[in-house]
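Topology and contacts: notes
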Amino acid sequence: MNDYSEETALDVTNPAPRCPVILMLDVSGSMAGAPLRELKEGLAQFLRETSDDETASMSVELEIVTFGGSAEIAAPFAPVNVVNDNPPELDANGSTPLGAALKLADSELKARRRLYKQKGISSYKPWIILMTDGCPNDDWRSAAASMKQLGEEKRLQYIGIGIGDEADFDTLREILPEHPGPVKLKGLCFKEFFKWLTDSLKSVSASSVAQQDAVVLGNVNSWADLAGTPVPEGEK
Amino acid sequence: MTDLLQQFINRLNAMTNRRPAPAIQRKPQAAPAGADWLALAQVSPERTRTVYDPAGSPLVLRKSDVLAHGGEGVIYRFAKNPAFLIKVCKDDTLRDPRKLAAFRDRLNAMLALEECRNAPFLAWPLMPVFDGKKNVIGFVMRKSSGRTLRALYAPCQVKRFFPGWDRLSVTRVALNLVDAVRMLARHRVLVNDFNPDNFLIDPAGRVRLIDCDSFQIPGAGENQNTFLTRTFTPEYTAPELLFQPELFNRERTPEQVRFSLSVVVYMILMSGLHPYAQCGGTDPVENLKSGKCPLARRDGVRLPVGWFKSVSWLTPGLKHYFIRMFVDGHRAPLKRPLLGELKTELENFINIMRSSKNPNQRAILPDKVKRKEKTT
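Residues numbered from 1 in each chain as written. Chains lettered and ligands numbered in written order. Predicted model: local features only at pLDDT ≥ 70, side-chain atom pairs only at ≥ 80, totals over all residues.

**Quick word on the overall build of chain A**
Selection criterion: Segments assigned H or I by DSSP are reported as helices when at least four residues long, segments assigned E as strands when at least two residues long, and all are numbered from the N terminus. When we talk radius of gyration, it's over C-alpha atoms, and the globule rule is simply 2.2 Å times the number of residues to the 0.38. Here exposure depends only on C-beta density: within 10 Å of a residue's C-beta, 20 or more other C-beta atoms make it buried, 12 or fewer make it exposed, and intermediate numbers make it partly exposed, the C-beta atoms being placed from the backbone. This entry defines residue contacts through backbone-placed C-beta atoms, with two residues in contact when those atoms are within 7 Å.
Tallying secondary structure elements over chain A gives 7 helices and 7 strands in all. Against the compact-globule benchmark of 18 Å for 236 residues, chain A has a radius of gyration of 17 Å, which places it among compact chains. Along the first, second and third principal axes, the C-alpha set of chain A runs to 50 × 35 × 35 Å. Relative to its full complement of 236 residues, chain A shows a buried share of 51%. Of the contacts made within chain A by residues no fewer than 6 positions apart, 79% connect residues no fewer than 24 positions apart.

**Some details on the pairing of strand β3 (residues 70-79) of chain A**
Residues and elements named next belong to chain A. What counts here: When DSSP finds two or more bridges between two strands, those strands count as paired.
Burial analysis of β3 places 7 of its 10 residues in the buried class, the great majority of the element. In this sheet, β3 lies alongside strand β2 (residues 60-68) in antiparallel orientation, the contact comprising 7 bridges. When the sheet's bridge partners are listed, Ile64 is paired in β3 with Ala75. If you look at the hairpin formed by β2 and β3, you'll find 1 residue sitting between the two strands, and Gly69 has a positive phi there, around 85 degrees.

**Examining the interface of chain B and chain A**
Heads up, the condition is: For this classification, Asp, Glu, Lys and Arg are treated as charged, while Ala, Val, Leu, Ile, Met, Phe, Trp, Tyr, Cys and Pro are nonpolar and the rest, including Gly, are polar.
On the chain A side, the residues contacting the 39 residues of chain B number 35 residues. Considering every element that reaches the side of chain B that touches chain A, the biggest residue donor is helix α6 (residues 155-161) of chain B, with 5 residues. Of the residues assigned to the side of chain B that touches chain A, the class counts are 20 nonpolar, 11 polar and 8 charged.

**Here's the deal with the sheet that holds strand β1 (residues 19-26) of chain A**
Residue and element names in this part refer to chain A. This is how the line gets drawn: Throughout, an axis means a line fitted to C-alpha atoms (over the contacting stretch in the case of helices), and angles, computed between N-to-C directions, take values from 0 to 180 degrees.
Across the sheet, which stays open at both edges, the 7 strands sit in the order β3-β2-β1-β4-β5-β6-β7 with mixed pairing between neighbours. Edge strands, defined here as strands with exactly one partner in the open sheet, are β3 and β7 (224-225). Alignment of strand β6 (residues 183-185) against β7, held across 2 bridges, turns out to be antiparallel. Within β7, the position partnered with Leu185 by the bridge is Ala224. Where helix α4 (residues 98-119) meets the sheet, it contacts β1, β2, β3 and β4 (127-132), and its direction lies at approximately 25 degrees from that of β3.

**Re the packing of helix α7 (residues 167-186) of chain B against helix α13 (residues 339-355) of chain B**
Residues and elements named next belong to chain B. Quick reminder of the rule: Orientation categories follow fixed angle ranges, with anything under 35 degrees roughly parallel, anything over 145 roughly antiparallel, 65 to 115 roughly perpendicular, and all other angles oblique. Helix crossings get a hand from a simple test, with the near helix turned counterclockwise from the far one by less than a right angle marking a left-handed crossing and a clockwise turn marking a right-handed one.
One way to put it is that α7 packs onto α13 with a least axis distance of 10 Å and a crossing angle of 160 degrees. By the angle between their directions, the pair α7 and α13 is classed as roughly antiparallel. Judged by the sense of rotation from one axis to the other, the crossing of α7 with α13 is left-handed. Mapping the contact onto sequence places Arg167, Leu168, Thr171, Arg172, Ala174, Leu175, Val178, Val181 and Arg182 in α7 and Leu339, Leu342, Lys343, Leu346, Glu347, Phe349, Ile350, Met353 and Arg354 in α13. Of the residues in the contact of α7 with α13, the class split is 11 nonpolar, 1 polar and 6 charged.

**Describing the confidence of the model for chain A**
If pLDDT is low for a region, its predicted coordinates should not be looked at in detail. Note the cut-off: Each residue carries a pLDDT score, the predictor's confidence in it, ranging from 0 to 100.
Confidence along chain A averages 91 in pLDDT terms, with 95% of residues attaining 70 or more. Looking at the elements of chain A, mean pLDDT is at its lowest for helix α5 (residues 141-152) of chain A, recorded as 92, and at its highest for β1 of chain A, recorded as 98.

**Looking at the pairing of strand β3 (residues 66-69) of chain B**
All names here are of chain B. Strand direction decides the pairing type here: β3 and strand β4 (residues 73-77), joined by 3 bridges, are antiparallel. Counterpart to Val66 in the pairing with β4 is Tyr76. Here β3 folds back onto β4 in antiparallel fashion, the turn holding 3 residues.

**As for unusual backbone geometry**
A cis geometry characterises the amide bond from His179 of chain A onward to Pro180 of chain A, with omega recorded as 5 degrees. Take Pro180 of chain A: it is sitting in the loop between α6 (169-175) and β6. A positive phi angle is found at Lys154 of chain A, which is not glycine, with a value near 60 degrees. Locating Lys154 of chain A in the fold gives a position in the loop between α5 and β5 (157-162). The phi angle at Lys134 of chain B is positive, at roughly 65 degrees, despite the residue not being glycine. For Lys134 of chain B, a count of 9 C-beta atoms within 10 Å puts it in the exposed group.

**Description of the sheet that holds strand β8 (residues 147-148) of chain B**
Residue and element names in this part refer to chain B. Spatial strand order, β8-β9-β10: 3 strands in an open sheet with antiparallel pairing. Edge positions in the open sheet fall to β8 and β10 (207-209), since each of these has one partner strand only. Strand direction decides the pairing type here: β8 and strand β9 (residues 199-201), joined by 2 bridges, are antiparallel. Within β9, the residue paired with Arg147 across the bridge is Ile201. Sheet strands touched by α7: β9 and β10. Its angle to β10, the strand with the most contacts, is close to 40 degrees.

**Points about α13 of chain B**
Residues and elements named next belong to chain B. Cut-off, in case you're wondering: By this rule, a helix spans an expected 1.5 Å times one less than how many residues it contains. What the arc describes is the spread of directions from the helix axis to the C-beta atoms.
With 17 residues, α13 ought to run about 24 Å at 1.5 Å a step, and its terminal C-alpha atoms sit 24 Å apart, in line with that. By the burial criterion, the buried members of α13 are Leu342, Glu345, Leu346, Phe349 and Met353. Projected down its long axis, α13 shows its buried positions confined to an angular sector of 100 degrees, all on one face. Across α13 from its buried face, at more than 90 degrees, point the exposed residues Gly340, Asn351, Arg354 and Ser355. Buried residues in α13 make contact with α7, α9 (254-269), α12 (316-328) and α14 (359-362).

**Quick look at the confidence of the model for chain B**
Residue and element names in this part refer to chain B. Across chain B, pLDDT averages 87, with 87% of residues at or above 70. Contacts of residues 1-30 to residues separated by more than four positions or lying in other chains number 35 contacts, the stretch itself having pLDDT below 50. Prediction confidence for the complex, expressed as pTM and ipTM, is 0.82 and 0.76 respectively.

**Structural notes on the nonpolar core**
Residue and element names in this part refer to chain B. The criterion, for reference: To define a nonpolar core, we join buried Ala, Val, Leu, Ile, Met, Phe, Trp, Tyr and Cys residues through C-beta atoms within 7 Å and take the resulting set. Each domain span listed reflects an automatic or database assignment of domains.
Core analysis: the biggest nonpolar cluster contains 92 residues, and Ala174, Leu177 and Val265 have the highest contact counts within it. Per-domain counts for this core show at least three residues from each of domain 2 (49-142) and domain 3 (147-362). Aside from chain neighbours lying at most four places away, what touches Leu177 is Phe199, Val207, Val264 and Val265.

Here it is as structure tokens:
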């Protein structure tokens with residue numbers, strides 16, 4: 001793990017509201033090869049482009065949680081440009097402990113929001129991006145409840161993306177709030193997804209906190225496989 | 001058809017958490033999972049289009065040339081000449097005769113202002129572009145580049161985007177911005193929206209003003225009304241407009257522009273700190289509406305922790321200017337000082353920074369409070 005110890009503290013001389021973002025990335029063994037390579041390239045592009053935007057880089061604070069064998073904080077909360085300067089190494093191996101990752105993300109998010117409150121820094125609603133190509137092999141139900149609830153209450157922008165044909169959309173539907181629900185990634189279009197995410201975060205951070213809900217997100221056609229996303233049982 | 005449209009709007013609203021449109025009440029139906037994504041797959045479809053310059057030469061604008069979407073138009077890169085951009089009306093503007101006529105009248109008024117057309121710091125319309133039937137549907141403008149003003153709105157940002165810059169450098173930017181706004185005001189053109197994304201800064205400290213469509217433009221003829229826009233960003237807006245939104249239907253006044261520009265200048269000098277930011281305060285708009293400015297040092301309102309050092313190195317003249325603007329002028333627009341005074345105070349501040357040997361005088365984040373000078 002990289003040493004971010006001096007950089008994770010909040011910079012109180014930055015008056016911009018913060019937008020906490022947690023990327024929850026599946027790095028289990030099944031992601032080895034092309035999927036992990038494309039994910040890393042997409043992530044590098046996201047870090048570079050978001051850092052280069054003077055609006056988003058003031059607001060976006062990023063944490064990366066990986067789950068492959070065990071759940072780990074690959075990069076703790078820090079301004080996105082700090083993560084870009086010292087990006088985490090990602091290796092694929094092991095099983096898919098999504099429950100442990102959800103628990104970790106939930107507790108990290110709560111701690112960061114507490115810190116914002118203590119320092120009197122306003123914040124946008126958090127963004128959680130969950131990307132997985134399989135199904136969890138640990139207990140995820142209790143860990144998922146808190147963030148799902150926040151998502152249902154629209155206090156969290158919760159995006160779940162299934163990668164490939166083996167992603168378990170039924171479980172993702174239980175983990176995620178009903179809206180917008182999970183979506184399948186088109187092939188290995190990680191770069192297109194991360195471009196969309198950069199643009200979305202730019203738009204959010206350019207809005208005021210009070211107006212963030214009026215931001216209309218961009219077109220998802222370049223990366224979302226809507227036709228390929230399995231339909232829930234009741235809607236077939 | 002109406003049902004489909006309503007479903008689409010509601011799905012989009014659900015995704016962005018906006019309140020759904022209040023029309024068409026039917027038996028509640030759960031949107032199928034994935035519907036939100038489907039709605040987002042239909043946002044802003046682009047298309048290739050051809051427009052014509054005044055000589056009738058075709059200019060092909062591809063989907064990949066789209067740079068940005070504005071309120072009434074789409075902005076394209078101009079592949080043949082990267083120094084220029086082309087703005088073309090959106091389809092809904094082209095289909096609405098009233099909107100289209102307003103767009104054309106306003107464009108004519110802007111094209112008539114020669115000094116603005118020639119100003120290199122303005123993304124001003126330079127010439128109209130036409131459809132195949134010789135109807136005006138857009139215009140060519142100068143492309144502006146640089147970092148948005150937000151790059152100056154935190155000490156860490158200044159360091160990252162403008163390495164080596166100090167308070168003298170950012171004060172020069174503020175002075176350039178004041179000069180630009182004053183030049184426009186001489187032509188009765190008022191900047192309405194002081195959103196920091198509308199101002200670009202280059203490494204030489206030059207300022208570029210974009211989104212000139214949001215400016216208030218005088219009518220081209222004696223009998224033509226002023227072209228108004230309602231665009232604004234609340235945290236930079238004069239309080240009377242926030243308290244009486246009906247004033248947005250009238251012409252903006254020079255006093256309102258002076259207030260907004262002074263907020264921006266203060267934030268440039270103070271690395272993004274809003275003039276009404278205060279200990280325990282939260283929303284900048286609510287702070288602004290309250291009128292309690294910590295510079296006045298009354299009502300128990302204090303600067304946020306750590307910022308007093310930065311304020312202390314401003315000149316007494318600048319502090320006095322800001323107090324007159326933000327305290328005395330908060331609810332009394334006529335008490336707001338003139339931009340000429342702001343220019344003079346910024347020039348004085350620059351001279352003092354140039355001549356001072358104390359590094360804190362020029363520091364973006366001074367490490368000591370300036371001691372009061374003894375008077376005899």
